[in-house]
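An overview of the molecular structure
Next come the chains, spelled out residue by residue.
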Amino acid sequence: MFLFSCKYVSNSPVKRTVDSILEFHPNEKIVIVDSQSDDQTYDKIFVDYNNVEILYNINKHRVPGAFYQVCKRYPEEPYYVNIQDCVLIKKSLQPWIDSSDEFISFMYFHDWVQEKHKEEYQYMERVLSGTKYEGIIPEPSCLGQETFYGCFGPLYIIKNSLMKKIMNSGVLEKMKSTCKLHDELGERLFGLIASYEGYPPEKYNIEGDFKNSEKYSQLLSDNLEYFTKIFLGRQ
């Protein structure tokens, strides 16, 4: 199953996103979770698509909320490919879908932990508190000192067994993103959680290091091998 959150806007490439998936994975079910779009009529675009489902009015928590809602609704899928409504697939992802690895990031990035009084640290601490992942945030460090790896996007392939571990921990229900910053911190949280579960993004990924100058240039110029990222400038 492929899934993604969609905040539909006039220049949304969501149809291109769906068509790109079906080009390489024609039999996949695709679930689009609307994220409080002003225009909730874009299901008309997919009236002739048999394997596309749009879920309206169930998600108030943006990107991580979409994944949580889909896993609640479809808990027995063998795998979940979590992307974005502005990502186009350029090549089959089947080798990673078929692998025994339980979590594969599309790309990763290195980062440092913010000081404990800042919202960045406090949000992540609130999400992880009371779950088995409590305490996995590294200690704050000096700016520029790499302390952990995030999951870019977050774009990832996760297998059912690991999804259930994360779901049962309660952490997804607590990941209540209400702004762009929370979505970005979700990239960090998924990276930390994947590392804790034995799948660090820097080792289990498809396209490499987002912050590598060559890879970053390839991302911006649409020269990555497996996907295109379209930047819409939304908040």
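Our subject is the structure listed above.
What comes next concerns the included structure. Please read all numbers here as calculations on a predicted model, not as lab measurements.

As for the overall build of the protein chain
Check the secondary structure of the protein chain and you find eight helices and ten strands. Here the protein chain holds 235 residues, and the buried ones make up 55% of them. The long-range fraction of contacts in the protein chain, counting pairs at least 24 apart against all pairs at least 6 apart in sequence, stands at 78%. Taking the average location of the 27 positive side-chain charges in the protein chain and that of its 34 negative ones, the two points are 3 Å from each other.

Description of the sheet that holds strand S6 (residues 103-105)
Pairing is mixed in the open sheet, where six strands are placed in the order S3-S2-S1-S4-S9-S6. Whereas interior strands pair on both sides, the edge strands pair on one side only; in this sheet they are strand S3 (52-55) and S6. Averaged over all pairs of adjacent strands, the angle between strand axes in this sheet comes to 20 degrees, irrespective of strand direction. Across three bridges, S6 lies against strand S9 (residues 156-159) in antiparallel orientation. Looking at the pairing, phenylalanine 103 lines up with isoleucine 158 of S9. Seen against the sheet, helix H1 (residues 14-24) touches strand S1 (2-6), strand S2 (30-34), S3 and strand S4 (79-84) and runs at an angle of roughly 175 degrees to S1. Running over the sheet, helix H2 (residues 62-73) touches S1, S2, S3, S4 and S9 and is turned about 135 degrees from S1.

Focus: unusual backbone geometry
For the bond running from glycine 153 to proline 154, omega is -5 degrees, close enough to zero to count as cis. The residue proline 154 is located in the loop between strand S8 (148-151) and S9 in this model. Look at aspartate 222: it is not a glycine, yet its phi comes out positive at around 60 degrees. Relative to the assigned elements, aspartate 222 resides in the loop between helix H8 (213-220) and strand S10 (227-229). Owing to a relative accessible area of 35%, aspartate 222 belongs among the partly exposed residues under this scheme.

Definitions and cut-offs
Residues numbered from 1 in each chain as written. Predicted model: local features only at pLDDT ≥ 70, side-chain atom pairs only at ≥ 80, totals over all residues. Heavy atoms only, no water. Helix = DSSP H or I, 4+ residues; strand = E, 2+ residues; numbered from the N terminus. Buried < 20%, exposed > 50% of the residue type's maximum accessible area, 1.4 Å probe, protein only. Contact = heavy atoms within 4.5 Å. Lys, Arg positive; Asp, Glu negative; His and termini not counted. Charge placed at Lys NZ, Arg CZ, Asp CG, Glu CD. Pairing = 2+ DSSP bridges. Axes fitted to C-alpha atoms, helices over the stretch in contact; angles between N-to-C directions.

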